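These are the residues of each chain, in order.
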Amino acid sequence: MSEIKFIDGGVCAPEGFTANGMRVGIKASRKINDTALVYSDVPCNAAGVFTQNRVQSESVKLAKKFIADGKAQAAIEISGNANTCTGAQGAENALRMAKAAADALGIKTEDVIVYSTGVIGAQFDVTKVENNIETLKAGLSKKGHEEARVAIMTTDTHYKECAVQFEIDGKLCKMGTMCKGSGMIHINMGTMLSFITTDCAISSAMLEKALKSSILGTYNCVSVDGDTSTNDTLTIMANGKAGNKEITSEGPEYDIFLAALNKMNKVMAMKIAADGEGATRLVECNVKGAKTVEAARGLAKEIICSSLVKAAMFGADANFGRFLCAMGYSGIEFDPDKVSIWFTSKSASNRYFENYDDFEVHGENVLQVYKDGVPLDFDEDVAKKIMSEQAVEILVQCGEGNAEGTAWGCDLTYDYVKINGDYRT
């Protein structure tokens, strides 16, 4: 299989894509960029996945409608207002955003994907977007991802982007992404907001297939606080400028594309978990020896979703009974008498993985606390040292099969409450 390498450039890494971001004043208190634009100089095949929350943003509704034909050429996003629970006026504002971008770019309105994030239940002044769209468009460039990646942030403390390159049919293909996500994170489709671009030639149907496959073991395995957002949107645009033969069915070429997508999405999922609101450490839960992959992933996510587990991680308390409790109420069948549990950790000078190297939590510190359904005597000081690192792994061995699954989360801190206690104001 083709080697997959991390590269710079984010959503602008693939050929034909440019981006920009600027502050138009969506939310008065915001001092950084709040509006982003991503554009391909040729039409793209496209696909998307969206929130499963029954309450959905007007932006989500419009994006789902526009992307249904498998085509897109641009995406526009605002931060500071979710445009959710905003009725007919919100629907009109979303459409006006798309039309403003389309008119400026000289493309069809239905080829613009609309994103929004921020406060729920408040209208926004769409004229601020309309009055600044020409400036936003004029600043489109290959370096524009640096402005766009900031514009999509809300309570994120760190921008999140990466890009990869790989070969298909002897042609160098590139894929880039940026996303935002810090709170209201319990992903059940894709991510909070995630833009993916590629110059690989691949059909809309295969894009959708790859996207739905990839999220199952990456984005959908992330939880910060158990709340599934009303605005979750993940889209991918492929303009085919790499020049490879278009991928229209499963096979070796599709496998390479999916592997690249998985590699990139895994990094982004970990970035989101590490940057959870108020978080001080990344928590990775690996469940091995399960009967099925679905069971392994389900058990892992149930553990990292538990508020009691998150609190224990904040306190560096090796209270493994909370893991077993979470597994027990998951509804997933397993034999508690066969379960074994370890903690491992590795110091991370930067838990946001800026160098994009594959980050392995497994490291110099390993401690088993539970074996075949029986607690073990262990050194509490060693446990606290391991659990005080910036990246901590919970390893669970079910002893019932060969399947494994991973989920990512973070600790629950006092700052999470502070951030969300006055989020609206």
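Engineer: Help me get a handle on helix α1 (residues 58-67), residues and values and all.
Structural biologist: Within α1, seven of the 10 residues are buried, which leaves it mostly tucked inside the rest of the structure. Every buried residue belonging to α1 is among Glu-58, Ser-59, Val-60, Leu-62, Ala-63, Phe-66 and Ile-67, and all of these are buried. The secondary structure elements touched by the buried residues of α1 are β3 (35-50), β4 (71-81), α2 (87-105), β5 (112-119) and β9 (233-238). Regarding α1, its N-cap is Ser-57, as a side-chain oxygen of that residue lies 2.9 Å from the backbone nitrogen of Ser-59 further along.

Engineer: Describe the pattern of salt bridges, and please don't skip the residues or the numbers.
Structural biologist: Going through the model one piece at a time under the given rule, you end up with 12 salt bridges. Where Glu-92 meets Arg-96, a salt bridge forms, and the shortest distance between an N and an O atom there is 3.9 Å. Of this pair, Glu-92 and Arg-96 both sit in helix α2, four residues apart, which is roughly one turn of the helix. Where Glu-404 meets Lys-288, a salt bridge forms, and the shortest distance between an N and an O atom there is 3.3 Å. A residue pair is termed long-range when its members are at least 10 positions apart, and Glu-404 in strand β15 (residues 403-410) and Lys-288 in strand β10 (residues 282-290) qualify at 116 residues.

Engineer: Which residues make up the confidence of the model for the chain, and what values go with them?
Structural biologist: For the chain, the mean per-residue pLDDT works out to 88, and 88% of the residues sit at or above 70. Note on residues 355-359: pLDDT is under 50 here. Beyond four places in sequence and across chains, it has 12 contacts.

Engineer: Could you give an account of the state of the cysteines, with specific residues and numbers?
Structural biologist: In the structure shown here, the tally under the stated rule is zero disulfides. There is no disulfide at Cys-285, and the cysteine sulfur nearest it, in Cys-398, is 9.3 Å away.

Engineer: I'd like a description of the packing of aromatic side chains, backed by residues and values.
Structural biologist: Under the counting rule described, the total for this entry stands at four aromatic pairs. Ring plane angle 45° and centroid distance 5.2 Å describe the contact between Phe-320 and Tyr-370, whose orientation is recorded as tilted. Taken together, the residues span a long stretch of sequence, with Phe-320 in the loop between α9 (307-314) and α10 (321-328) and Tyr-370 in strand β12 (residues 365-371) at a distance of 50 residues. Both residues of the pair, Phe-320 and Tyr-370, count as buried. Across the ring face of Tyr-159, the terminal group of Arg-149 is positioned such that the distance to the ring centre comes to 3.7 Å.

Each value, and the rule that gives it
Residues numbered from 1 in each chain as written. Predicted model: local features only at pLDDT ≥ 70, side-chain atom pairs only at ≥ 80, totals over all residues. Heavy atoms only, no water. Buried < 20%, exposed > 50% of the residue type's maximum accessible area, 1.4 Å probe, protein only. Helix = DSSP H or I, 4+ residues; strand = E, 2+ residues; numbered from the N terminus. Contact = heavy atoms within 4.5 Å. Polar contact = N/O pair within 3.5 Å; in protein donor to acceptor, adjacent residues only side chain to side chain. Salt bridge = Lys/Arg side-chain N within 4 Å of Asp/Glu carboxyl O. pLDDT = per-residue confidence, 0-100. Disulfide = S-S within 2.5 Å. Phe/Tyr/Trp six-rings, centres within 6.5 Å; stacked < 30°, edge-to-face > 60°. Lys NZ or Arg CZ within 6 Å of the ring centre and 35° of its normal.

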